[in-house]
Structure formats: C-alpha cells, structure tokens
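Fold and geometry: a report
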Amino acid sequence: MRKTSARRPGRAAAPAGAVTAVVLDPASSAPLHRQVYEALRGAIFAGRLRSGSKLPSTRALAAHLGLSRNTVLGAYAQLLAEGYLRGRIGSGTYVADALPEHLLLAGREPAPRPAPPPGGAALSRRGALVASAASPFRRASSPPGPAGLAFQVGAPAYDAYPAAAWGRLMSRRWDRSWRALLPRHEPQGYAPLRRAIADYLVTARGVRCTPDQVIVVSGAQQAISLAAEVLLDPGDPVWVEDPGYTAARSALVAAGAIPVPVPVDGEGLDVAAGARASAPARLAVVTPSHQFPLGVTMSPGRRLALLDWARSSGGWVFEDDYDSEFRYAGRPLAALQGLSPDARVIYAGTFSKVLSPSLRLGYLVVPEALVDAFVAAKVLADVSSPPLEQAVLADFMAEGYFARHVRRMRVLYERRQAALVAAAGRELAGLLEVPPAPAGMHLLGWLPAGRADGVAAERAAANGVRCVALSELRVDTAGRGALLLGYAAVPEDEIDEGVRRLRTALR
C-alpha cells in the first residue's frame with residue numbers, strides 16, 4: 001500500500017486537507033473510485049475530516065493522486081448523493097454540516113454489525129454497490145396520514161382510477177383467454193400491447209418507431225437498469241441531471257457506472273457543462289419534456305446540442321418521458337427521440353403516472369440494432385411482464401379508454417393544481433412561495449432564503465404531510481431550498497387541510 005500524500009515528480013502539489021486521508025491499494029480488486037470514496041467516507045466517519053471542511057477540487061485531487069478526473073468525480077458524486085458532502089456554487093465542495101442520521105447515531109452508540117449471509121460469505125462488489133444505492137423515491141409506501149396523500153410526489157389520482165372499465169376488461173379477457181394466457185410469456189412484450197404503444201407514441205409523442213422496437217418492461221426503473229446493463233461497463237461515466245431523479249442515479253451506481261452531475265438551468269441540461277465535466281461519457285440520462293424536479297422544458301438548441309454530442313462521441317441518450325401526458329398549456333411537446341435520424345436515443349415511458357404504480361408496466365423504444373440485446377437482458381431480469389395485465393392494457397388502449405382517461409386526468413390535475421396554488425396563496429404567505437406550472441403532477445414550493453428544506457420536510461412529515469426536499473435531489477448544485485408538493489393524488493377537499501398542516505410545520 002502507498003500513501004498518496006507523498007509527492008511524486010511531475011505531479012501537482014498535494015492539495016490541503018483530504019488527500020492525507022486517501023490511501024490507495026494497487027493490489028486491491030476494488031475499483032479506484034470506490035477506494036477514494038471509502039477513504040474519504042472513513043475520514044469523515046472518524047472525524048479526521050470535520051463538518052464544514054473544504055475538500056480539494058476533483059481536478060486537483062485527481063492530479064495529486066495520478067488518477068483520471070472521472071474517477072474522483074465518481075467518488076465525490078456518491079458522497080454527495082449520500083449526504084456526506086455538500087457542493088456550493090462558486091465555492092467548492094465541503095463536508096456536510098448535517099451528516100446522515102446513521103453517522104450521527106454511530107458517534108454515540110455503535111450500530112450492531114449486520115448478520116453475515118449464510119456460510120459467512122461477504123457481499124460481492126456488485127452487491128455492495130446495489131446495497132449502497134438509495135433513493136427517497138424507493139422507500140416502502142406507508143398508509144395515508146391525517147392529510148390523506150398530501151403531498152406525495154409521483155402518485156396519480158387513485159380516486160379517479162377507471163376501476164369499472166378496467167374490471168370489465170379484465171373479466172372479459174380472463175373469460176376469453178385464460179387458457180392461452182396461463183402458459184404464455186413473451187419477453188419483448190404482448191404483441192397487441194406493443195402495437196398499441198407504438199401507435200400511441202407515433203401519434204401523441206412524435207416518436208419514430210415500429211412495434212418491433214417496443215419492449216414492455218416493469219416500469220422506468222427497470223428501463224434504466226436494462227439500459228445500464230446493455231450499454232455500460234463498470235466505471236463508465238454517465239451524465240445525470242442535477243438536480244434530478246435519484247432513483248436513476250441509484251440504478252447507475254448499482255451497475256458500477258459513475259454518475260457525473262450536470263447542472264440544469266432554464267433551458268434544461270447544460271450540454272456544454274456536461275462536456276467540460278466528462279466529454280467521453282457513455283450515456284446521458286435526461287427528462288427533456290418536463291425536467292424532474294424543476295419542471296423546465298429542454299430548449300430546441302439544447303436538444304440539438306445533446307444529439308450532436310451523442311453522434312460525435314458515440315454516446316447514447318436515455319430519454320425518460322415520465323409524465324408528458326399532463327401538459328395544461330398547449331399540446332404535449334414532441335419527444336427528443338423523434339429528432340434523431342441516426343437513432344442515438346433510448347426512449348422510456350411508464351403507465352405508473354397515468355394509471356397506477358402497482359400496475360408495474362412501462363416501455364422502452366430502442367434502435368433496431370439493440371432490440372435483441374435488450375430483450376436478452378429482460379429475459380435474464382424476469383423473463384417477461386405479466387401477460388394478463390398486458391392483455392387488459394392492450395384492450396384498454398385499443399378500445400379508447402386510455403385516451404379518454406388521459407383527457408379526464410389532464411382536466412382533473414389542472415384543477416387540483418389551481419386549488420393548491422390558491423390555498424398556498426391564502427395560507428403560506430411568507431412561508432412558502434408556490435407558483436403554478438404549465439405541466440406535471442407536482443409543484444415546487446420555494447422557502448425563504450436561508451431556510452433548510454430538509455428540516456422543513458421533516459417537520460412537515462411530523463405534521464402528517466409528505467413532501468420531498470429539493471436538496472435530496474441535488475448533487476453538486478446548491479441554492480434556495482424548496483419542497484416538492486405532489487397534488488395529483490389529493491382530492492380538492494383535502495388540499496386545504498394539507499396546506500394548513502404544512503403552515504403549522506413551517507411556522
């Protein structure tokens with residue numbers, strides 16, 4: 001083992017602070033970015049790097065250690081995502097002032113060591129990555145609180161679910177087809193459903209595809225996991241939006257990729273900033289139609305720049321089109337995938353937001369040359385998605401129920417958003433600024449400058465209100481605190497009660 005604080009000829013001078021904590025073992029089989037991560041995390045845990053301490057820049061630390069900057073970026077990104085570090089725009093990266101709760105508890109009373117698996121076997125490196133990949137959106141759901149579902153992010157209107165129509169179609173399909181469906185499995189997906197999805201995407205989203213390019217998956221999370229398995233090798237850098245959807249970052253970390261946070265501004269993902277951070281990235285994961293969580297739409301110039309980057313670098317774009325159906329000003333915007341004549345885009349959508357997350361059905365549209373590889377990955381993951389649900393959904397779409405349901409939900413969600421904005425204007429003046437948005441299923445409520453959104457979210461939870469702190473979705477970027485307030489699942493007569501409870505929490 002060698003201590004990296006010893007300066008070598010031709011290397012940058014040792015940056016102060018964190019480098020003395022980093023010891024790399026050239027004989028170790030652990031990836032270098034993981035060794036850097038473990039060394040820094042251990043120094044924070046032991047108190048050698050104290051809260052508020054400034055870390056060297058990724059460029060300076062990489063130069064001193066003789067590593068690529070992407071290696072150090074990967075370690076920093078994981079520490080930022082887990083809450084050990086905090087980025088400050090224009091200033092640098094610091095050890096977080098408020099460390100993750102399990103660290104604080106460990107300082108007072110050592111946590112019990114988890115029982116080893118049978119036979120005493122340790123986790124594999126891949127298993128450790130999977131176990132470390134966490135997200136505020138992957139936690140188990142809990143029963144509604146006193147304020148119902150106010151203001152759970154990503155939940156659709158369960159009270160408006162088309163239960164009667166769905167039940168009739170399911171009963172009819174079972175009566176007619178149960179003998180054929182019981183032994184059936186189609187790894188790529190039920191053919192009539194793939195045709196219905198392709199017809200919908202071509203007409204409503206401007207996607208260029210045939211049914212043969214559609215793969216039915218169990219939701220957006222499996223979609224990104226399959227893309228990572230097919231397109232990425234361990235250690236590959238991947239652009240991710242910052243702030244952005246943490247479950248996507250978790251899937252990439254679990255696959256051994258290195259998420260590279262790229263800032264989002266009023267035009268969407270900053271492609272130029274991504275190129276400066278990691279031009280040779282293998283994949284860019286984006287939400288161009290309605291960026292999560294900020295809600296901005298990627299500008300035409302940025303879209304073309306992103307596609308140009310993919311063509312010139314040989315990279316891929318993963319387009320997560322998670323809630324494009326719900327736009328209240330004008331028609332839904334065309335998908336990025338339809339602009340790409342050389343098919344460098346993997347397009348993903350889900351029925352979780354339109355119908356229910358428990359349905360566990362989504363879809364991928366992939367270039368023809370990649371279909372076999374993606375289907376093989378799907379087979380290894382779970383063989384195929386449930387055939388009965390696929391058949392019922394195919395009927396639901398082909399017979400016009402889906403289009404009618406989307407139209408109804410668009411009107412309903414617009415009305416619920418207006419109710420939330422009005423209630424916030426009455427009850428939360430000076431506590432939370434909640435402007436309207438032209439699309440989506442959640443709003444951002446902006447806290448006064450200097451208010452910590454993590455603390456606000458915890459106090460809201462204690463008062464029976466669910467929301468997500470914007471800081472949970474940030475990696476490198478910093479800024480004004482905000483709360484994500486989902487309104488789609490909240491009946492209008494429960495919105496006022498939720499806002500009143502939120503007012504009590506924020507006072």
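Going by the structure above, here's the rest.
To continue, consider the overall build of the protein chain. If you tally the helices and strands in the protein chain, you get 16 helices and 16 strands. Approximately 22100 Å² of the protein chain is accessible, and the part contributed by carbon and sulfur atoms is 55%.

As a further point, take helix 16 (residues 492-506). Its 15 residues give helix 16 an end-to-end C-alpha distance of 22 Å, which sits within 8% of 21 Å, the value for a rise of 1.5 Å per residue. Along helix 16, the positions that sit buried rather than exposed are Ile495, Gly498, Val499, Leu502, Ala505 and Leu506. Across the axial projection of helix 16, the buried residues extend over an arc of 115 degrees, all falling on one side. Looking at the buried positions of helix 16, the neighbouring elements they touch are helix 14 (401-427), helix 15 (453-462) and strand 16 (482-486).

Glancing now at the nonpolar core. Burial of nonpolar side chains together is a common tendency in soluble globular proteins. Ranked by size, the top nonpolar core spans 67 residues in total, and within it Phe351 and Tyr413 carry the most contacts. Contact partners of tyrosine 413, with chain neighbours within four places excluded, come to Pro156, Ala157, Phe326, Tyr328, Lys353, Met441, Tyr487 and Ala488. In this structure, Val238, Ala248, Leu283 and Trp316 belong to the second largest nonpolar core, which totals 29 residues.

Looking at where aspartate 453 falls in the secondary structure, it is placed in helix 15. Excluding anything up to four places from it in sequence, aspartate 453 contacts Leu447, Ala469, Leu470, Ser471, Gly481, Ala482 and Leu483.

Taken as a whole, this structure holds 14 salt bridges when the rule is applied. Overlapping salt bridges, with partners in common, bring together Arg172, Arg173, Asp395 and Glu399 in one network.

A word on helix 6 (residues 163-181). Taking 1.5 Å per residue as the helical rise, helix 6 with its 19 residues ought to reach 27 Å, whereas the 22 Å between its terminal C-alpha atoms falls clearly short. If you look at helix 6, its biggest bend is around 55 degrees, right at aspartate 175. Every buried residue belonging to helix 6 is among Ala165, Trp166, Leu169, Arg173, Ser177 and Leu181, and all of these are buried. Taken together, the buried residues of helix 6 touch helix 13 (387-398) and helix 14.

The three strands lie next to each other as 14-16-15, forming an open sheet whose pairing is antiparallel. Edge positions in the open sheet fall to strand 14 (442-446) and strand 15 (468-469), since each of these has one partner strand only. Examined bridge by bridge, strand 14 and strand 16 share five bridges and lie antiparallel to one another. Across the sheet, the residue bridging to leucine 444 is leucine 484, located in strand 16.

Attention now goes to the environment of leucine 393. Residue position: leucine 393 is located in helix 13. Exposure remark for leucine 393: the relative accessible area of 0% places this residue in the buried category. In the structure, leucine 393 is positioned 224 residues away from leucine 169 in sequence and 8.7 Å away in space, judged by C-alpha atoms. Contacts of leucine 393, omitting those with residues within four sequence positions, involve Trp166, Leu193, Phe351, Leu355 and Leu361.

This part is about the pairing of strand 6 (residues 214-217). Alternating residues of strand 6 divide into Val214 and Val216 and Ile215 and Val217, and every residue in both groups is buried. Where strand 6 lies against strand 13 (residues 362-365), four bridges are found, and the strand directions are antiparallel. By the bridge assignment, valine 217 is partnered in strand 13 with glycine 362.

Under the defined criterion, the tally for this structure stands at eleven aromatic pairs. Their ring planes at 80 degrees and their centres at 5.8 Å tell us that phenylalanine 351 and phenylalanine 402 sit as a pair that is edge-to-face. One end of the pair, phenylalanine 351, is in the loop between strand 12 (345-350) and strand 13; the other, phenylalanine 402, is in helix 14, and 51 residues separate them in sequence. Accessibility assignment for this pair places phenylalanine 351 and phenylalanine 402 in one class, buried. The rings of Tyr161, Trp166, Phe396 and Tyr401 are connected pair by pair, giving a single aromatic cluster. The ring of tryptophan 316 carries arginine 344 above its face, with NZ or CZ at 4.0 Å from the centroid. Over the aromatic face of tyrosine 401 sits the side chain of arginine 404, whose NZ or CZ is 4.9 Å from the ring centroid.

A few words now on the packing of helix 15 against helix 16. The geometry of helix 15 relative to helix 16 is characterised by a closest axis approach of 8 Å and an angle of 125 degrees between their N-to-C directions. On the basis of the axis angle, helix 15 is oblique to helix 16. For the crossing formed where helix 15 meets helix 16, the hand is right-handed. Residues Ala456, Arg459 and Ala460 of helix 15 lie in contact with helix 16, whose contacting residues are Leu502, Thr504, Ala505 and Leu506. Of the residues contributing to the contact of helix 15 with helix 16, the split by class is five nonpolar, one polar and one charged.

Definitions and cut-offs
- Residues numbered from 1 in each chain as written.
- Predicted model: local features only at pLDDT ≥ 70, side-chain atom pairs only at ≥ 80, totals over all residues.
- Heavy atoms only, no water.
- Helix = DSSP H or I, 4+ residues; strand = E, 2+ residues; numbered from the N terminus.
- Areas by Shrake-Rupley, 256 points an atom, 1.4 Å probe, with all protein chains shown as cover.
- Expected span 1.5 Å × (residues − 1).
- Buried < 20%, exposed > 50% of the residue type's maximum accessible area, 1.4 Å probe, protein only.
- Arc of directions from axis to C-beta.
- Contact = heavy atoms within 4.5 Å.
- Core = buried A, V, L, I, M, F, W, Y, C linked by side-chain atoms within 4.5 Å.
- Salt bridge = Lys/Arg side-chain N within 4 Å of Asp/Glu carboxyl O.
- Bend = angle between axes of the 7 residues up to and from the residue.
- Pairing = 2+ DSSP bridges.
- Phe/Tyr/Trp six-rings, centres within 6.5 Å; stacked < 30°, edge-to-face > 60°.
- Lys NZ or Arg CZ within 6 Å of the ring centre and 35° of its normal.
- Axes fitted to C-alpha atoms, helices over the stretch in contact; angles between N-to-C directions.
- Parallel < 35°, antiparallel > 145°, perpendicular 65-115°, else oblique.
- Left-handed = near helix turned anticlockwise from the far one by under 90°.
- Nonpolar A, V, L, I, M, F, W, Y, C, P; charged D, E, K, R; others polar.

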